[in-house]
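The residues making up each chain are set out below.
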Amino acid sequence: MALILLPVCRNIITWLRSTKLTIAGGIVVGIILHAGNHLACDFPRLVNAPKSRYKKYLIDFGGNKPTYLDLVRGVEGVTGILMVILMMIAEEFEG
């Protein structure tokens, strides 16, 4: 049974190699949309929220309302930026 599937696996691997650029392009589009949503929509909405509306976010962000730079410089912002940089490096050195 395994001998029958071996040529199929080889064909699938060849197909995946040929579509690698398409997959990488899709990942880039996904990263741009995801990061853009945080930077352009989520962060400003949180920073500009009135105190009454901000109360429901106290569990996640604490009692002090963060500024835009606090969100970018925070753990989530730094790890998100670092993840994008590491993915770019990995794609650059991938053979």
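Starting afresh in each chain, residues are numbered from 1 along the sequence in its written order. Reporting in this predicted model follows two pLDDT cut-offs: at least 70 for local features of residues, and 80 or more for side-chain atom pairs to be given and counted; totals over whole chains, interfaces and linings ignore these cut-offs and use all residues. The side-chain figures draw on all heavy atoms in the structure; neither hydrogens nor water molecules are used.

Novice: Sorry, what's going on with the overall build of the protein chain here?
Specialist: Scanning the protein chain from N- to C-terminus turns up six helices and zero strands. Helix numbers and strand numbers start at the N terminus; a helix is a DSSP run of H or I with at least 4 residues, a strand a run of E with at least 2. Secondary structure elements of the protein chain, listed N to C terminal, follow the sequence α-α-α-α-α-α. Burial analysis of the protein chain (95 residues in total) assigns 11% to the buried set. Considering only contacts in the protein chain between residues 6 or more positions apart, those separated by 24 or more positions represent 37%. Residue burial is assigned from relative accessible area. The probe radius is 1.4 Å, only protein chains are included, and a residue is buried under 20% of its type maximum, exposed over 50%, and partly exposed in between. By the convention used here, residues are in contact when the closest approach between their heavy atoms is within 4.5 Å.

Novice: It is not clear to me how a nonpolar patch on the surface should be interpreted in this structure. Could you clarify?
Specialist: Grouping into patches uses exposed residues only, defined as over 30% relative accessible area, and leaves out salt-bridged ones; the cut-off is 9 Å for like charges and 5 Å for nonpolar side chains (Val, Leu, Ile, Met, Phe, Trp, Tyr). Method for areas: the Shrake-Rupley scheme with a 1.4 Å probe, in which residue coverage is limited to the protein chains shown. For this document, the term salt bridge refers to a Lys or Arg side-chain nitrogen within 4 Å of an Asp or Glu carboxyl oxygen. Taken together, the side chains of Ile12, Trp15, Leu16, Ile23, Ile27, Met83 and Met87 define a hydrophobic patch exposed on the protein surface, amounting to about 690 Å² of accessible area. Of all the secondary structure elements, the ones that give two or more residues to the nonpolar patch are α1 (2-18), α2 (20-47) and α6 (75-93). Among the elements that make up the nonpolar patch, the one with the highest residue count is α1 (three residues). Mapped onto the fold, Met83 is located in helix α6.

Novice: Which parts of the structure should I look at to understand the packing of aromatic side chains?
Specialist: Each aromatic ring pair is described using two quantities: the centre-to-centre distance and the angle formed by the ring planes. Ring pairs are drawn from Phe, Tyr and Trp, using the six-membered ring of Trp, whenever the two centres fall within 6.5 Å, and their geometry is named by plane angle: stacked under 30 degrees, edge-to-face over 60, tilted for the rest. Across all of its chains, the model carries one aromatic pair by this definition. With a centroid separation of 5.8 Å and an interplanar angle of 80 degrees, the aromatic rings of Phe43 and Tyr68 are classed as edge-to-face. Placement of Phe43 in helix α2 and of Tyr68 in helix α5 (residues 68-73) is noted, with a sequence separation of 25 residues between them.

Novice: Would you mind showing me how to read α2 here?
Specialist: For the α-helix, the turn length of 3.6 residues means that residues three or four positions removed from each other point alike. Every helix has an expected span of 1.5 Å times one less than the residues it contains. Given a rise of 1.5 Å per residue, 28 residues ought to cover 40 Å, and the 39 Å separating the end C-alpha atoms of α2 matches this to within 8%. Given a residue, its bend is the angle between the two axes fitted to the seven residues that end at it and to the seven that start from it. Where α2 bends most, at His38, the angle is about 35 degrees. Considered for burial, the residues of α2 that qualify are Ala24, Phe43 and Leu46. The inward-facing, buried residues of α2 contact α3 (51-54), α4 (58-61), α5 and α6.

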